Amino acid sequence: MVTQPQRNAHIPWEISQESDELRRAGLKVTLPRLKILRILAGREREHLAAEEVYQRLHENGDDIGLATVYRVLTQFAEAGIVIRHNFDSDRAVFELNSGIQHDHLVCVDCGRVEEFKDRVIERRQADVAAVSGYTLLSHSHILYGRCPDCARTPRVQGGQIS
């Protein structure tokens with residue numbers, strides 16, 4: 001059965017404990033780190049590029065530079081606070097590490113990312129690894145296609161509409 005991870009699922013990086021979590025991750029608590037963590041832990045669990053985090057900071061009136069955003073996101077990824085994904089070749093996106101295994105659907109037209117969980121896929125991956133003698137430690141499963149919004153519009157490829 002395919003399900004979407006719950007949007008309000010428990011995230012171990014709750015805002016009320018953000019300072020402690022940063023310290024546990026070995027990071028000094030700074031205002032830029034806290035503000036970036038707040039954006040990533042917002043109501044909607046999104047996959048944001050550094051530029052999108054930067055834009056949201058500025059929309060909130062925060063004066064944090066793009067270089068700082070890149071540096072903090074890299075530090076968060078190294079500390080396991082966020083997961084970095086390269087769904088397409090030209091940009092990385094980051095999501096808060098919820099600790100819950102899930103996979104992704106990525107729209108090739110607009111870049112929209114949807115999370116899903118499927119017990120059958122998870123079991124099959126474990127079976128494939130076991131048959132080959134592997135102990136499965138982790139995996140990345142990404143499906144590429146067109147989201148419902150983009151699928152409603154004709155796609156132009158090589159001058160031809162498909």
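Presented here is a report on the structure given in the accompanying data block.

The rules we used
Every chain begins its residue count from 1, and numbering advances along the sequence as written. Predicted model: local features are reported for residues with pLDDT of at least 70 only, side-chain atom pairs are reported and counted for 80 or more only, and whole-chain, interface and lining totals are derived from all residues. Excluding hydrogens and water, the side-chain figures rest on all heavy atoms present in the structure. Secondary structure elements are defined from DSSP: runs of H or I of at least 4 residues count as helices, runs of E of at least 2 residues count as strands, and each element is numbered from the N terminus. Exposed residues in this analysis have more than 50% of their type's maximum accessible area, buried residues have under 20%, and partly exposed residues fall in between, with area computed by a 1.4 Å probe over protein chains only. When checking whether two residues touch, look at their non-hydrogen atoms; a contact exists if any pair is within 4.5 Å. For the accessible areas, the method is Shrake-Rupley and the probe is 1.4 Å, while residue cover comes only from the protein chains on display. The arc in question is formed by the directions pointing from the helix axis toward the C-beta atoms. By definition here, a helix of n residues has an expected span of 1.5 Å times n minus one. Two cysteine sulfur atoms make up a disulfide if the distance between them is within 2.5 Å. Every angle, taken between N-to-C directions, lies between 0 and 180 degrees, and every axis is a line fitted to C-alpha atoms, over only the stretch in contact when it is a helix. Should an angle fall under 35 degrees it is called roughly parallel, over 145 degrees roughly antiparallel, and 65 to 115 degrees roughly perpendicular, with every other angle called oblique. In what follows, salt bridge is the name for a side-chain nitrogen of Lys or Arg lying within 4 Å of a carboxyl oxygen of Asp or Glu.

### Quick look at the overall build of the protein
Looking only at helices and strands, the protein features 6 helices and 8 strands. Each helix and strand of the protein, ordered N terminal to C terminal, gives the series β-α-α-α-α-β-β-β-β-α-β-α-β-β. Counting only residues that meet the buried cut, the protein has 32% of its 162 residues in that class. Sequence separation of 24 or more characterises 53% of the internal contacts of the protein that already satisfy a separation of 6 or more. Within the structure as shown, the protein displays about 10,200 Å² of accessible surface, and the carbon and sulfur contribution to it stands at 50%.

### Brief notes about helix 3 (residues 50-59)
Taken together, the buried positions of helix 3 are occupied by Ala-50, Val-53 and Leu-57. With its buried residues spanning 60° around the axis, helix 3 presents them on a single face. Contacts from the buried residues of helix 3 go to helix 2 (31-40), helix 4 (66-79) and strand 3 (91-96).

### Let's talk about helix 4
Because each turn of an α-helix spans 3.6 residues, side chains separated by three or four positions end up pointing in the same direction. In this model, helix 4 (14 residues) spans 20 Å end to end at C-alpha, consistent with the 20 Å of a helix rising 1.5 Å per residue. Taken together, the buried positions of helix 4 are Thr-68, Val-69, Val-72, Leu-73 and Phe-76. Projected onto a plane normal to the axis of helix 4, the buried residues spread over an arc of 130° and lie on a single side. Turned more than 90 degrees from where helix 4 packs its buried face, Ala-67 and Glu-78 sit exposed. Buried-residue contacts for helix 4 involve helix 1 (18-24), helix 2, helix 3, strand 2 (82-88) and strand 3. Gly-80 sits one or two residues past helix 4 and shows a positive phi near 85°.

### Describing the state of the cysteines
One pass over the structure, following the stated rule, counts 0 disulfides. Of all cysteine sulfurs, the one in Cys-110 lies closest to Cys-107, which takes part in no disulfide; the gap is 3.7 Å. For Cys-107, a relative accessible area of 5% gives the class buried. Note on Cys-147: no disulfide assigned, nearest cysteine sulfur contributed by Cys-150 at a separation of 3.6 Å.

### Remarks on the packing of helix 2 against helix 3
Packing of helix 2 against helix 3 leaves a shortest axis separation of 10 Å and a crossing angle of 105°. Of the possible angle classes, the one that applies to helix 2 and helix 3 is roughly perpendicular. Only Val-53, Arg-56 and Leu-57 of helix 3 make contact with helix 2, whose side of the interface consists of Lys-35, Ile-36, Ile-39 and Leu-40.

### Section: the pattern of salt bridges
Applying the stated criterion across every chain, the model contains 7 salt bridges. Between Arg-91 and Glu-52 there is a salt bridge, and its shortest N-O distance comes to 3.6 Å. Taken as a pair, Arg-91 in strand 3 and Glu-52 in helix 3 lie far apart in primary sequence, 39 residues in all. We classify Arg-91 as partly exposed; its relative accessible area is 30%. For Glu-52, a relative accessible area of 27% translates into the label partly exposed. For Glu-114, the salt bridge goes to Arg-112, with nearest N and O atoms at 2.9 Å.

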